[in-house]
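A closer look at the structure
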Amino acid sequence: MQVTLDIKDLLIGLLIIAAVVLLIFLSVLVANAIKSVKKLNGILDDASTVTGIVHEKAEETKPVVDDLTKAVVSFASAAKGEENTIASLSSVAKSFTSLISIIKNK
């Protein structure tokens, strides 16, 4: 029994085998990509939650920072002699009451 193969038949067979291997590779690649996208979506959801919390806390602390800034400016002005001590102390007290109210709200 004698079998003859043409080069054309051999190349077609190799192309079919390569196509099957490529399809298997692409299916594994797509499956891994789907897993990665699901993990990425979870990470982005967590980041969105954390960002929301940070934004809320930043909005809550903004008045305190503003009051502390005013207190520092008034102390600097008092040190230069442009403002009296009572005004400086009142702005410090105001900033501390704002800080205390934020701590109590938690």
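Notes on the structure follow.

Rules of the game
Residues numbered from 1 in each chain as written. Predicted model: local features only at pLDDT ≥ 70, side-chain atom pairs only at ≥ 80, totals over all residues. Heavy atoms only, no water. Helix = DSSP H or I, 4+ residues; strand = E, 2+ residues; numbered from the N terminus. Buried < 20%, exposed > 50% of the residue type's maximum accessible area, 1.4 Å probe, protein only. Areas by Shrake-Rupley, 256 points an atom, 1.4 Å probe, with all protein chains shown as cover. Salt bridge = Lys/Arg side-chain N within 4 Å of Asp/Glu carboxyl O. Patch = residues over 30% accessible without salt bridge, like charges linked within 9 Å, V, L, I, M, F, W, Y side chains within 5 Å.

Some details on the overall build of the protein
- A count of helical and extended segments in the protein gives 2 helices and 0 strands.
- When burial is assessed residue by residue, the protein has 10% of its 106 residues classed as buried.
- Here the protein has roughly 9000 Å² of accessible surface; of this, 70% comes from carbon and sulfur atoms.

Topic: the pattern of salt bridges
- Applying the stated criterion across every chain, the model contains 1 salt bridge.
- Glu 60 is the partner of Lys 57 in a salt bridge, and the nearest nitrogen-oxygen pair spans 3.9 Å. Of this pair, Lys 57 and Glu 60 both sit in helix H1 (residues 7-80), separated by 3 residues, roughly a single helical turn.
- Residue Lys 57 is classed as partly exposed on the basis of its relative accessible area, which comes to 37%.
- A relative accessible area of 35% means that Glu 60 is categorised as partly exposed.

Quick look at a nonpolar patch on the surface
- A surface patch of nonpolar side chains, amounting to about 1100 Å² of accessible area, comprises Met 1, Val 3, Leu 5, Ile 7, Leu 10, Leu 11, Leu 14, Ile 17 and Val 21.
- Looking at where Val 21 falls in the secondary structure, it is placed in helix H1.

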